Amino acid sequence: MSRALAPSRRWWSEAYRAGLDLLFPRRCVACNDDLLAHDADAASISICSPCQRKLELIDWPVCSRCAAPVPATGGVTLDCNHCRGDKLRFQRTLALGSYEGLLRQLVMRTKTDRNGVAANSLMELAWRRFESQLAELDIDIVTAVPMHRWKRWQRGVNGPLIMARRIAERLHVPCWGEMVRLVRNVPPQVGLSRPARFRNLAGEMVVGPSYHLGAARVLIVDDILTTGATCSEAARVLLRAGAAEVTVLVPARTPA
Ligand SMILES: [Zn+2]
Ligand SMILES: [Zn+2]
């Protein structure tokens, strides 16, 4: 499954990229500053170092299932109050940061950014942070939360699908990005209460009949995790279709 380029092709690809950068210097997707000026990893992350330092990346104790902040005292992490009553169907959440400030702006960009620069840059940051955890989880397949075709047509962009493809590429596993589908265009979750968000999606997703999961460990990608209702419903149908376990990856988690 490896997509690594042969050395000569890689040389040409890098030379071509360097030539393009000279002609059209790439810019930070957050502040529009020139990326070549001060960024070693600009080849894969189009967010300049000063902007990266402004991102609210999680460095506090979080619930392993829903990534909400949890209290910790004396080296002991206490139980999560946020997801205890919700029976979330996924096993764990890997969240890059809090849905605030610059990270919030970048996640918003993934919803409209047709060339996927913001989405891919956020996944490169996630890869840098979670590479060893993802390796330990031994993920077999990556997928994305479903977006109804009408919504995709209206937006012209499917951010979670772009992100799922990038992380699958990094993991060298297949991306079955549209394996989970919505059976109808459900009303948006925004503005609904916590229980209503779960009710709104109950029974609204299916796994396409041509996908055979065979006890696969699945990674599902979404842009923001709030209550976890969307990812939980996707995880429910994936588990019913045979998945062994489901992990969620999101660039941002709403502050609890
Ligand atoms: Zn910047
Ligand atoms: Zn939790």
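Calculation notes
- Residues numbered from 1 in each chain as written.
- Chains lettered and ligands numbered in written order.
- Predicted model: local features only at pLDDT ≥ 70, side-chain atom pairs only at ≥ 80, totals over all residues.
- Heavy atoms only, no water.
- Axes fitted to C-alpha atoms, helices over the stretch in contact; angles between N-to-C directions.
- Helix = DSSP H or I, 4+ residues; strand = E, 2+ residues; numbered from the N terminus.
- Left-handed = near helix turned anticlockwise from the far one by under 90°.
- Contact = heavy atoms within 4.5 Å.
- Nonpolar A, V, L, I, M, F, W, Y, C, P; charged D, E, K, R; others polar.
- Donors = N, O, S within 2.8 Å, 3.2 Å for Na, K, Ca; no water.
- Tetrahedral: all angles 85-135°; square planar, octahedral: opposite > 155°, others 65-115°.
- Buried < 20%, exposed > 50% of the residue type's maximum accessible area, 1.4 Å probe, protein only.
- Pairing = 2+ DSSP bridges.

## Digging into the packing of helix 7 (residues 194-201) against helix 8 (residues 229-240)
Here comes step 1: Between helix 7 and helix 8, the shortest axis-to-axis distance is 9 Å and the interhelical angle comes to 35 degrees. For the pair helix 7 and helix 8, the sense of crossing is right-handed. Between helix 7 and helix 8, the residues in contact are Arg197, Phe198 and Leu201 and Ala229, Thr230, Ser232 and Glu233, respectively.
Here comes step 2: Among the residues making up the contact of helix 7 with helix 8, the classes are represented as 3 nonpolar, 2 polar and 2 charged.

## With respect to the coordination of the zinc ion (ligand 2)
Here comes step 1: Protein-derived ligands of the zinc ion (ligand 2) are Cys63 (SG), Cys66 (SG), Cys80 (SG) and Cys83 (SG), with the metal-ligand distances lying across 2.3 to 2.4 Å.
Here comes step 2: Of note is the zinc ion (ligand 2), whose 4 donor atoms meet at the metal with angles of 103 to 114 degrees in an arrangement that counts as tetrahedral.

## Overview of the pairing of strand 7 (residues 217-221)
Here comes step 1: Within strand 7, 4 of the 5 residues are buried, which leaves it mostly tucked inside the rest of the structure.
Here comes step 2: As defined by bridge partners, strand 4 (residues 141-144) adjoins strand 7 across 4 bridges and the pair is classed as parallel. Paired with Thr143 across the strands is Ile220, a residue of strand 7.
Here comes step 3: By the bridge criterion, 5 bridges tie strand 7 to strand 9 (residues 245-253) in an arrangement that is parallel.

Read these as spatial facts, not as claims about activity.
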